[in-house]
Amino acid sequence: MLAGSTGKHIASAGRLGSGPALGPQEPMQATPTSLAALLTRYSVGPKHLVEPGPSDTQLALMAQAALRAPDHAELVPYRFKLVRGAAKQGMAALFADAARAAGKGEEGAALDAERALKPPMTVAVVARIDPGHPQVPAHEQWAAVGGAIGSFLTAAHALGFGGKMLSGAKVRNPAIAAAFCEPGETLLGWIALGTPARQPAGPARKPDPGQVLIDWHPPCKP
Ligand SMILES: Cc1cc2nc3c(=O)[nH]c(=O)nc-3n(C[C@H](O)[C@H](O)[C@H](O)COP(=O)(O)O)c2cc1C
């Protein structure tokens, strides 16, 4: 499988260095236990999340993990805004209004409100991108936001919680965006968080690692 003129995918059954070949069906074999959470994380949607949600201490661990993600110049270009307790009702009302404004009718409004109320808690992910930063272009800041989300979710999984990052057209609803964002911030979406009510039905369908590992070679000189 060629990946452009200068790279070649690592064969799926091949070896990287002298380490064991890792197929998608056997991610846990011969791997350090410290990788367990990274290799087994999966998303759990709001309808499969039940109480309890994470405690303050557990949320702080998730935030600590997020803060470990690569972040050029340590800009911390994100905030996690916690929606729990009575605040869930306020978010449900905003979701219902947005659904009505989008023409979804009362049935759609009730469905969207339920999306806010069902998970034990929701974490709004807000990006603070500085488009004029002299050293760190916007795409690098977005990469830091993505890394933080991944680490936050993996920490939640490692602590026994389930979660799923969700967005949709709601993030662009002006009333919702204004409710979550300060000037200069962008609402990326929400992480639904809680205790998973069920295990995944089967192994996650993920690409073979060989699809993303590509030996690079310098271009031939003319
Ligand atoms: C910023 C962002 C927004 C997302 N928005 C949605 C969404 O609105 N709906 C959805 O089904 N999945 C969405 N996803 C993808 C899911 O969170 C999840 O990663 C995907 O379903 C794959 O499942 P997995 O995490 O178990 O591999 C989003 C992911 C990211 C990073």
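Conventions and cut-offs
Residues numbered from 1 in each chain as written. Predicted model: local features only at pLDDT ≥ 70, side-chain atom pairs only at ≥ 80, totals over all residues. Heavy atoms only, no water. UniProt positions renumbered as here; feature names shortened; annotations may be inferred. Helix = DSSP H or I, 4+ residues; strand = E, 2+ residues; numbered from the N terminus. Buried < 20%, exposed > 50% of the residue type's maximum accessible area, 1.4 Å probe, protein only. Lys, Arg positive; Asp, Glu negative; His and termini not counted. Salt bridge = Lys/Arg side-chain N within 4 Å of Asp/Glu carboxyl O. Polar contact = N/O pair within 3.5 Å; in protein donor to acceptor, adjacent residues only side chain to side chain. Contact = heavy atoms within 4.5 Å. Near = heavy atom within 4 Å. Areas by Shrake-Rupley, 256 points an atom, 1.4 Å probe, with all protein chains shown as cover. pLDDT = per-residue confidence, 0-100. Phe/Tyr/Trp six-rings, centres within 6.5 Å; stacked < 30°, edge-to-face > 60°. Lys NZ or Arg CZ within 6 Å of the ring centre and 35° of its normal.

- Looking at an unreviewed UniProt entry, one finds the protein named Putative NAD(P)H nitroreductase, with Pelomonas aquatica as its source organism.
- UniProt lists a comment for the protein under the heading Sequence similarities (unreviewed entry), and it reads "Belongs to the nitroreductase family."

Focus on the UniProt feature "domain: Nitroreductase" (unreviewed entry) in the protein
Then, number 1: If you check UniProt for "domain: Nitroreductase" (unreviewed entry), the listed places come out as residues 51-194 in our numbering.
Then, number 2: The straight-line gap between the two end C-alpha atoms of residues 51-194 is 6 Å; of that span, 47% is helix and 19% is strand.

Quick notes on the side chain of Asp71
Then, number 1: Along the polypeptide, Asp71 turns up in the loop between helix H2 (56-67) and strand S3 (78-83).
Then, number 2: Within the buried core, Asp71 has no salt-bridge partner, and the shortest N-O distance to an opposite charge, that of Arg79, equals 8.2 Å.
Then, number 3: Of the polar contacts made by the side chain of Asp71, one reaches the backbone nitrogen of Leu75; its length is 3.2 Å.
Then, number 4: For Asp71, the contacting residues outside a window of four places in its chain are Val76, Pro77 and Ala144.

A word on the site of the ligand
Then, number 1: Near the ligand you find Arg41, Tyr42, Ser43, Lys164, Met165, Leu166, Ser167, Gly168 and Lys206, and these make up its full shell.
Then, number 2: Within the contact set of the ligand, an oxygen atom lies 2.5 Å away from a side-chain nitrogen or oxygen of Ser43.
Then, number 3: Contacts to the ligand include Met165, whose backbone N or O atom sits 2.7 Å from an oxygen atom.
Then, number 4: Considered on its own, the ligand offers 620 Å² of accessible surface; in the complex 54% of this is hidden by protein.

Remarks on the confidence of the model for the protein
Then, number 1: Summarising the model, the protein shows a mean pLDDT of 89, and 86% of its residues fall at 70 or more.
Then, number 2: Across residues 11-24 the pLDDT falls below 50, and counting only partners more than four positions away or on other chains, this stretch makes 15 contacts in the model.
Then, number 3: Here the complex is predicted with pTM 0.88, and the ipTM for its interfaces comes to 0.98.

Here's the deal with the packing of aromatic side chains
How two aromatic rings sit relative to each other is given by the distance of their centres and the angle of their planes.
Then, number 1: A full pass over the atoms with the stated rule returns 4 aromatic pairs.
Then, number 2: Here Phe180 and Trp190 contribute two aromatic rings whose centre-to-centre distance is 5.9 Å and whose plane-to-plane angle is 75 degrees, an arrangement assigned as edge-to-face. Of this pair, Phe180 sits in helix H6 (residues 174-180) while Trp190 sits in strand S6 (residues 186-196), and the two are 10 residues apart along the sequence.
Then, number 3: Of the residues examined, Phe180 reaches a relative accessible area of 9% and is grouped as buried.
Then, number 4: Given the relative accessible area of 5%, Trp190 is considered buried.
Then, number 5: By way of ring pairs, the aromatic residues Tyr78, Phe80 and Phe152 are connected into one cluster.
Then, number 6: In this structure, Lys170 packs its charged tip against the face of Phe95, placed 4.8 Å from the ring centre.

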